[in-house]
Protein chains: 6
Amino acid sequence: MFLADPRLQYPVRVDTPNPVFARALQQAIGGVEGEIRVMMQYLFQSWGSRGPMKYRDMLLNTGTEEIGHIEMLSTAVALNLEGAPLSFQEEMSKDPVAGAVLSGMNLRHILSTGLGATPEDSNGVPFNASHVYASGNIAADMYSNVAAEATGRAVAVRLYNMTDDAGMKDMLSFLIARDTMHQNQWLAVIEELGGPAMQLPIPNSFPETQQKNEFAYGYFVHAADGAVPEGRWTSGSSIDSKGTFEAMVSKPLGDIPQLAPARPDGGAQTDQTTTTPMASSSSTTL
Amino acid sequence: MFLADPRLQYPVRVDTPNPVFARALQQAIGGVEGEIRVMMQYLFQSWGSRGPMKYRDMLLNTGTEEIGHIEMLSTAVALNLEGAPLSFQEEMSKDPVAGAVLSGMNLRHILSTGLGATPEDSNGVPFNASHVYASGNIAADMYSNVAAEATGRAVAVRLYNMTDDAGMKDMLSFLIARDTMHQNQWLAVIEELGGPAMQLPIPNSFPETQQKNEFAYGYFVHAADGAVPEGRWTSGSSIDSKGTFEAMVSKPLGDIPQLAPARPDGGAQTDQTTTTPMASSSSTTL
Amino acid sequence: MFLADPRLQYPVRVDTPNPVFARALQQAIGGVEGEIRVMMQYLFQSWGSRGPMKYRDMLLNTGTEEIGHIEMLSTAVALNLEGAPLSFQEEMSKDPVAGAVLSGMNLRHILSTGLGATPEDSNGVPFNASHVYASGNIAADMYSNVAAEATGRAVAVRLYNMTDDAGMKDMLSFLIARDTMHQNQWLAVIEELGGPAMQLPIPNSFPETQQKNEFAYGYFVHAADGAVPEGRWTSGSSIDSKGTFEAMVSKPLGDIPQLAPARPDGGAQTDQTTTTPMASSSSTTL
Amino acid sequence: MFLADPRLQYPVRVDTPNPVFARALQQAIGGVEGEIRVMMQYLFQSWGSRGPMKYRDMLLNTGTEEIGHIEMLSTAVALNLEGAPLSFQEEMSKDPVAGAVLSGMNLRHILSTGLGATPEDSNGVPFNASHVYASGNIAADMYSNVAAEATGRAVAVRLYNMTDDAGMKDMLSFLIARDTMHQNQWLAVIEELGGPAMQLPIPNSFPETQQKNEFAYGYFVHAADGAVPEGRWTSGSSIDSKGTFEAMVSKPLGDIPQLAPARPDGGAQTDQTTTTPMASSSSTTL
Amino acid sequence: MFLADPRLQYPVRVDTPNPVFARALQQAIGGVEGEIRVMMQYLFQSWGSRGPMKYRDMLLNTGTEEIGHIEMLSTAVALNLEGAPLSFQEEMSKDPVAGAVLSGMNLRHILSTGLGATPEDSNGVPFNASHVYASGNIAADMYSNVAAEATGRAVAVRLYNMTDDAGMKDMLSFLIARDTMHQNQWLAVIEELGGPAMQLPIPNSFPETQQKNEFAYGYFVHAADGAVPEGRWTSGSSIDSKGTFEAMVSKPLGDIPQLAPARPDGGAQTDQTTTTPMASSSSTTL
Amino acid sequence: MFLADPRLQYPVRVDTPNPVFARALQQAIGGVEGEIRVMMQYLFQSWGSRGPMKYRDMLLNTGTEEIGHIEMLSTAVALNLEGAPLSFQEEMSKDPVAGAVLSGMNLRHILSTGLGATPEDSNGVPFNASHVYASGNIAADMYSNVAAEATGRAVAVRLYNMTDDAGMKDMLSFLIARDTMHQNQWLAVIEELGGPAMQLPIPNSFPETQQKNEFAYGYFVHAADGAVPEGRWTSGSSIDSKGTFEAMVSKPLGDIPQLAPARPDGGAQTDQTTTTPMASSSSTTL
């Protein structure tokens, strides 16, 4: 169950409203790297958590924090929209030169919300909840969370660099710090659970004897000329300490697939329903 | 530029076709954890790669490998659909008891593709390319890739456990091994770049002086009763070695947001356009 | 800012787990009539609220309540999935006759979440945040909310009737009651603001002199035979008390549209770029 | 069955084409508040109508009218695109200062349609038919329709205010009037059926004895400090006349959920599969 | 402007309701091959039509016909749902053996619509209007329409074969016939315009001198072993009579792309911002 | 299985980077007319191919070529983004007049990818794999492919006309040529299979005796005034040579649909559950 404090987690101040920056901020709300995603991701991970209760609790805490981040950013969007032009003639009267504010806006900020935020990204694409990764596997979830916070912090940093509004920079420097914590937090869980060597390969509950181990540590080269980009992944012990990296040119181990011809009542063309190849050998080699 | 070898990377064999398992396999093709996603993710990361060329090359190699995995799984779907019932009456004539095959199928396997695979997940939801994470930040990308391979291997393991078809188990044991390699591979890049302590916080190019450092290593407690789920994330040095973890009860640092009233020509109700609160103080405390 | 109490708002108990009912419950979570939608809808309405603060507060309260409803339903899904078959052979060993449980499940409950809820509807379609209606107009929002709670309660009632699990019925009878309150609550706002006659037409800030009033209260008949389905909408004073209903056969008041021919450099066919009609009069009347 | 008259329902005239306004108009076509939505919503409600035939007929009439509104708006988009720049150099030659027309356009208006409308919103997001609410419950449908027309009229009013093109204002003043009628029309059905008190709670066919009546009229306060935003919804008779409003501080009535540990063969990490908590009591209170 | 006749274009009769067939029928309504798509596609092509008016008129006619096809199919879905089980216990009481009807249904047919059709496909995925192809190029549109009717007829044929309900077979045999007409109709336009040789390559308004003609009629072989699947496309005059087919092994004509390193303020990792390759030559060849 | 050559199929050169053109180019990558679509479409058609192997091989070749086209266009996007402004202040310092570059960009090119391409269209809408048409019917697939290449070439031509960058024009003139080949290629398959007269109606495996032949060649007129747009489709032999075109005024052959009233436990309103019409005859004729 949840409670709300009507005050913001951190102050949100806009010194000079910028409706195009309002559009940019949407990426941090409804973008795939944004706060709606992490909020729902951590909460769904918590609610479906099986195993030690402490992780359920921790995820619940941080998911709850993220709701407040959406609130902050939505407030920032609304404040950046104050004073936005509502018409072409209004914009022209303000500044006949620039002229690019209205056409650079998310027009739904005018037409659909009356100068408020939307659960969309910076292109106006609505958030799609398929981005909520909650796999039932705690290690997979932690790496999904690191990925979310890494891309989220990259977006926040780019927003910080995009503006010179002191209020916005202050708010973003707080969110950037929180993303720092959360990146560390999720990796701390991996460390607490024994570190990557113990947790990999994920899921680590699958018996190694049931995977094709001869292919489990080979870097497959698919370059036409067999060139190998060497690196940590082509030699030495694997990160999970269970194998040794090596480079291998990938070769087809299977055959050309052979599907049965189409059934006469299956909606194909008649030509597809015969077992005899339509023409005799039709292939040459250049 | 790309080339094709018409043979499969690894043999695909189905001993006993199972049209419902064909539906399940779709998760590994067009699901958010599936092969279309990693194929496009690695290729887009490669094509947009800025910085050392070796990573571009490596991503290109592995992205190219993944195309062949979609090919293998699509073949597996088609083979599992051979002999599938095309009508209710046909199903009934085969086995009046079971009766659940046709109704448990992805009906598009009959209606739309004539017994072939689709770029959809196991519920028939088409792949949406917003899941292609290519952030322009190599560390963020590597963690996104670990997440993709971790959830991907979890799906493959669950498919392996779902069936007792020897052919399918063999194919899946190969794909499971490849996911093992790829999890290791992406973390090997992080290690080659100096490890998490050097790469975190991501992006590590953002000056630490510009983030609110007092909030960068605090685990915020949002529990109504202040209970703290203690763990590696509440004390000790942070994973990035740049701070010390501590638990902090989250307090609102900001105020209640105040937005301007609606403009008379902004499409709101008239009641919203006055600066005077509609009623005098309307709040009590229970 | 938000806080969490780890306890549920209302007890969630499942007496006999039913994995297909777990799929059905998803409609109340991630369906367009579900709790994710109302949670986000009320919160975004609150965060973008312009005008009297009391409505911002009220929306914040009820949006916060809804987060807890998602939590309850996600728990219900997870509990209904306990004991679900993870493989075809397991299902068969349990009950060779029924056989329809696994094929009737949302397979992502097995493959993607390890027996937990997803932010999807009962067909596995992920929630799309375009369903978050927050118009910046309080009356439009209230009616959007009534619509959401009316369809939401219909879904809850149908779920209640679908199961005979006493625990699930108990939980649903609580959620059904809450929807009753919320339907009343949103209409109470309309009443407080003067009732429909004062709030309609929405937005009521638009000057009536600027709309084509002769068409503002006519029920347009588009039936080929001119038949009029008579009702409250064809005579008497309008609901907003500003006009009188009447039935009118709709007649085309405009002409056939005439667009300019395609530009030669606009990517059309050459035939489309000439102003001369391709053929002389090509139309007859049967 | 349907018939077409090639003339428009109302004249569509554009005095000064504005390609950015063409983008804005798309919101009224393919936006969630737009005409495609109401067209399909009313037609699907009609086609699935169970109960008195007059409502089926009425919905069919008005759904048919809406097809013509899409036609009008699509024509308006095409006319606003006439003369649009097709290249950067063309735009520059016209007006080196403004420069914002092409970059402010929906580029698909050039690239995909050759200067015609699309079934998309003002951000270019295609219409998604999940917005077609047809619940099988006539009262729920009527409120969904009021919501659609209220948000639709808000969009139309905002478009009207955005432009000073006399032709466009004339067309929009017609559409605004039609939305006035339709808001009244749907509420007239509620009135004809006895009014909200008789129709609420929706569905009114569900026995009141089966809902938890003690929670059916309470306004739940989720504010951390227990502050209550008082209003019509906190005291007095409910709108449905079946209860009395009161404010209640929400308290958790349930427990902390306890899910079973993960199955060893379920794709989780090994740490999640043991029933013993991983660590002894890990929680303190700050 | 449009008119409705409340009678159906063709009789719709269901002899034995089958709720799973109702799900299947949805593919013909809201599937990518379905009637909503062609209805909107032909209408949008008509409304954006530039060039000879007769094509606008023709498209308007056929688009209008298609609305009635959605109506027929929606009626068919509703009739197939009559008598559907609304609960697990009801289903069991009817037939304890089969048990697969409810779990094989589109559960939204129960939960969301109260036994009516939805604008979704057979998997419950809502129609997405991006499938409305209206290119502003009449030849491209005609081929898009042939494709739509070819896939549409394939779906209708497969539905016909799936059922043995005489009423449904009768309705489908009508729709199948209409698709026959429409396939012919769109190709008739191509013929009227001079046939493929005159209309290709589409758009035929683009000067041939501006395309790289040396690559305009070569079949590129991308097989690793250079094998050529010979056919009509590897020799002889091209279909557009403007070139001669030949097979060519595809060779890379470009270089390895070189992007600039990342900017220090662009949100990348520090390692990506240096122009010096991170390591000396890191590539070998296996 | 697939191989990569790190060199591009054709040179990609940008003389003057244009970040708004980068947005436009996205239509050719992730738009419904773009290269991701054809790549996946041809590969899925190949992988599901039933019938003569030569078509499987040919589709595999051309699908493989298309991967390289995505690569070329992604490179072009990245090169057009070099030097793009990352902040409002940076843009202003460059050119205080223009000011429209940043606001006209796909902001995800800055925020999400760090100046790289995305799998999205020119409005930032991500590619949705439902556009991958692979019907299991070779003739339907070939027409789908012609449609894809026709709309694809229209987009490429419009991009060519939009820019005057010599490098971009060169690259596009290559892609335009390849689309010429592919349009011819797919129609060559139809010709090889006997031409439209033999392949139509698609699927040609459905017995003509089972379709309502009296409606299979009639052009249905749905105009309110019965006007017929005459053309090749109203007289003469049909394209498939199996019938004779004629124009017919469409008349309703069916009745008004009659659905059963709602069930009392089905979540409808009580008024809908009675068989007696609510009111006596409520319809008049104007």
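Residues numbered from 1 in each chain as written. Chains lettered and ligands numbered in written order. Predicted model: local features only at pLDDT ≥ 70, side-chain atom pairs only at ≥ 80, totals over all residues. Heavy atoms only, no water.

For chain A, the count of helices and strands is 9 helices and 5 strands. Along the chain direction, N to C, the helices and strands of chain A fall in the order β-α-α-α-α-α-α-α-α-α-β-β-β-β. Relative to the globule expectation of 19 Å for 286 residues, the C-alpha radius of gyration of chain A, 27 Å, shows a markedly less compact shape. Counting the 286 residues in chain A, one finds 73% classified as buried. Taking contacts inside chain A between residues at least 6 apart in sequence as the whole, the part at least 24 apart equals 70%. With an accessible surface of roughly 7,300 Å², chain A has 55% of that area assigned to carbon and sulfur atoms. Of the side chains in chain A, 18 bear a positive and 31 a negative charge, and the two mean positions are spaced by 4 Å. (Helix = DSSP H or I, 4+ residues; strand = E, 2+ residues; numbered from the N terminus. Rg over C-alpha atoms; globule rule 2.2 N^0.38 Å. Buried < 20%, exposed > 50% of the residue type's maximum accessible area, 1.4 Å probe, protein only. Contact = heavy atoms within 4.5 Å. Areas by Shrake-Rupley, 256 points an atom, 1.4 Å probe, with all protein chains shown as cover. Lys, Arg positive; Asp, Glu negative; His and termini not counted. Charge placed at Lys NZ, Arg CZ, Asp CG, Glu CD.)

For the structure shown, the criterion picks out 66 salt bridges over all chains. As a salt-bridge pair, Asp15 of chain A and Arg13 of chain A come within 3.0 Å of each other at their nearest N and O atoms. Of the residues examined, Arg13 of chain A reaches a relative accessible area of 42% and is grouped as partly exposed. A salt bridge links Lys54 of chain E to Glu192 of chain E; its shortest N-O distance comes to 3.0 Å. Residue Lys54 of chain E is located in helix H3 (residues 53-81), and its partner Glu192 of chain E is located in helix H8 (residues 166-192); the two are separated by 138 residues in the primary sequence. Under the relative-accessibility criterion, Lys54 of chain E is labelled buried at 9%. Judged by its relative accessible area of 26%, Glu192 of chain E is partly exposed. The network of salt bridges with common partners includes Glu33 of chain A together with Arg108 and Glu120 of chain F. (Salt bridge = Lys/Arg side-chain N within 4 Å of Asp/Glu carboxyl O.)

What follows covers the UniProt feature "binding site: Mn(2+) 2" (unreviewed entry) in chain A. Residue and element names in this part refer to chain A. Listed under "binding site: Mn(2+) 2" (unreviewed entry) in the UniProt record, and renumbered for this structure, are Glu66. Among the structural elements, Glu66 can be located in helix H3 (residues 53-81). Excluding its chain neighbours within four sequence positions, the residues that come into contact with Glu66 are Glu35, Val38, Met39, Tyr42, Glu149 and His182. (UniProt positions renumbered as here; feature names shortened; annotations may be inferred.)

Screw-axis analysis of chain D against chain C gives a translation of 0.0 Å along the axis, an RMSD of 0.0 Å, and a rotation angle of 180°. Put plainly, the chains are arranged around a two-fold axis. Both copies present the same face, since 100% of the interface residues in chain D are matched by interface residues at the equivalent positions in chain C. (Least-squares fit on C-alpha atoms with pLDDT ≥ 70 in both.)

Right, let's get into the interface of chain B and chain D. Taken together, the contact between chain B and chain D spans 23 residues of the former and 23 residues of the latter. Between chain B and chain D, roughly 1,500 Å² of surface is buried when both sides are summed, and carbon and sulfur atoms account for 48% of that area. Viewed at the interface, chain D and chain B are joined by 0 salt bridges. The dominant element in the side of chain B that touches chain D, judged by the number of residues it contributes, is helix H7 (residues 138-162) of chain B, at 4 residues. By residue class, the composition of the side of chain B that touches chain D is 11 nonpolar, 8 polar and 4 charged. With 3 bridges joining them, strand S3 (residues 227-229) of chain B and strand S5 (residues 283-285) of chain D adopt antiparallel strand pairing. Among the inter-strand pairings, Pro229 of chain B is bridged to a residue of S5 of chain D, identified as Ser283 of chain D. (Buried area = accessible area lost by both parts, 1.4 Å probe. Nonpolar A, V, L, I, M, F, W, Y, C, P; charged D, E, K, R; others polar. Pairing = 2+ DSSP bridges.)

A few words on the packing of H3 of chain A against helix H2 (residues 35-47) of chain C. The interhelical angle for the contact between H3 of chain A and H2 of chain C, taken along N-to-C directions, is 40°, at an axis separation of 10 Å. As summarised for this structure, H3 of chain A and H2 of chain C are arranged oblique, according to the angle between their axes. Of the two possible hands of crossing, H3 of chain A and H2 of chain C adopt the one that is right-handed. Between H3 of chain A and H2 of chain C, the contacting residues are Ile67, Ile70, Glu71 and Ser74 of chain A on the first element and Leu43, Phe44 and Trp47 of chain C on the second. Of the residues contributing to the contact of H3 of chain A with H2 of chain C, the split by class is 5 nonpolar, 1 polar and 1 charged. (Axes fitted to C-alpha atoms, helices over the stretch in contact; angles between N-to-C directions. Parallel < 35°, antiparallel > 145°, perpendicular 65-115°, else oblique. Left-handed = near helix turned anticlockwise from the far one by under 90°.)

To continue, consider the UniProt feature "binding site: Mn(2+) 1" (unreviewed entry) in chain A. Residue and element names in this part refer to chain A. When the UniProt feature table is mapped onto this chain numbering, "binding site: Mn(2+) 1" (unreviewed entry) sits at Glu35, His69, Glu149 and His182. Taking the farthest pair of C-alpha atoms as the criterion, the annotated set spanning 148 residues converges on one region, since that pair is 13.2 Å apart. Counting through the fold element by element, Glu35 comes out in helix H2 (residues 35-47). Judged by relative accessible area, Glu35 falls into the buried class, the value being 8%. Assignment of secondary structure puts Glu149 in helix H7 (residues 138-162).

Contacts between the two partners involve 102 residues from chain D and, on the opposite side, 103 residues from chain C. Carbon and sulfur atoms supply 64% of the area that chain D and chain C bury against each other, a total of about 8,700 Å² over both sides. Residue Arg232 of chain D pairs with Glu191 of chain C through a salt bridge whose shortest N-O separation is 2.7 Å. For the pair chain D and chain C, the number of links is 61 residue pairs in polar contact (both at pLDDT 80 or more). Elements with a contribution of two residues or more to the side of chain D that touches chain C: helix H3 (53-81), helix H7 (138-162), helix H8 (166-192), strand S2 (218-221) and strand S3 (227-229) of chain D. In terms of residues, the side of chain D that touches chain C owes the most to one element, H8 of chain D, which gives 16 residues. (Polar contact = N/O pair within 3.5 Å; in protein donor to acceptor, adjacent residues only side chain to side chain.)

Quick look at the relation of the copies chain B and chain D now. Placing chain B over chain D gives an RMSD of 0.0 Å and needs a rotation angle of 180°, together with 0.0 Å of translation along the axis. When you check the interface residues of chain B against chain D, 100% turn up at the interface there too, and the contact is symmetric in its surfaces.

That bond from Leu200 of chain F to Pro201 of chain F is cis: its omega, -15°, falls within 30 degrees of zero. Here Pro201 of chain F lies in the loop between helix H8 (196-199) and strand S2 (218-221). Note that the residue after Ile202 of chain F, namely Pro203 of chain F, is joined by a cis bond; omega there is -5°. Mapping Pro203 of chain F onto the fold places it in the loop between H8 and S2. Notably, Ser241 of chain A is not glycine yet its phi reads approximately 60°, a positive angle. The topology assignment puts Ser241 of chain A in the loop between strand S3 (227-229) and strand S4 (246-249). Exposure remark for Ser241 of chain A: the relative accessible area of 54% places this residue in the exposed category.

Here the focus is the side chain of Arg37 of chain C. Here Arg37 of chain C shows up in helix H2. For Arg37 of chain C, which is buried and forms no salt bridge, the nearest opposite charge comes from Glu33 of chain C, at a distance of 7.4 Å. Among residues more than four places away in sequence, those in contact with Arg37 of chain C are Gly31, Val32, Phe127, His131, Tyr133 and Ala148 of chain C together with Tyr133 of chain D.

Moving on, we come to the domain arrangement of chain A. Each assigned domain of chain A is listed with its residue range as follows: domain 1 (19-197) and domain 2 (207-252). The centre of domain 1 of chain A, based on its C-alpha atoms, is set 37 Å off from the matching centre of domain 2 of chain A. (Domains from an automatic or database assignment.)

Moving on, we come to helix H3 (residues 53-81) of chain C. Taking 1.5 Å of rise per residue, the 29 residues of H3 of chain C would be expected to cover 42 Å, and the 43 Å separating its terminal C-alpha atoms lies within 8% of that figure. Of all 29 residues making up H3 of chain C, 27 are buried, and the element is well covered by its neighbours. (Expected span 1.5 Å × (residues − 1).)

Structurally, the position occupied by Gln89 of chain B is in helix H4 (residues 88-94). Judged by its relative accessible area of 29%, Gln89 of chain B is partly exposed. A polar side-chain atom of Gln89 of chain B sits 3.4 Å from the main-chain carbonyl oxygen of Thr163 of chain E.

Every α-helix carries 3.6 residues per turn, so stepping three or four residues along brings you back to the same face. Between its first and last C-alpha atoms helix H2 (residues 35-47) of chain B spans 18 Å; for 13 residues at 1.5 Å apiece the expected length is 18 Å, and the two agree. Counting buried residues along H2 of chain B, 13 of its 13 residues qualify, which places the element largely inside the surrounding structure.

Along the polypeptide, Arg232 of chain C turns up in the loop between strand S3 (227-229) and strand S4 (246-249). Note: C-alpha distance between Arg232 of chain C and Leu111 of chain C (121 residues apart in sequence) is 53 Å. Those residues in contact with Arg232 of chain C that lie beyond four places of it in its chain are Ser237, Ser238, Ile239 and Phe245 of chain C together with Ala188, Glu191 and Glu192 of chain D. There is a polar contact of 2.7 Å between the side chain of Arg232 of chain C and the backbone oxygen of Ser237 of chain C. Of the polar contacts made by the side chain of Arg232 of chain C, one reaches the side chain of Glu191 of chain D; its length is 2.7 Å.

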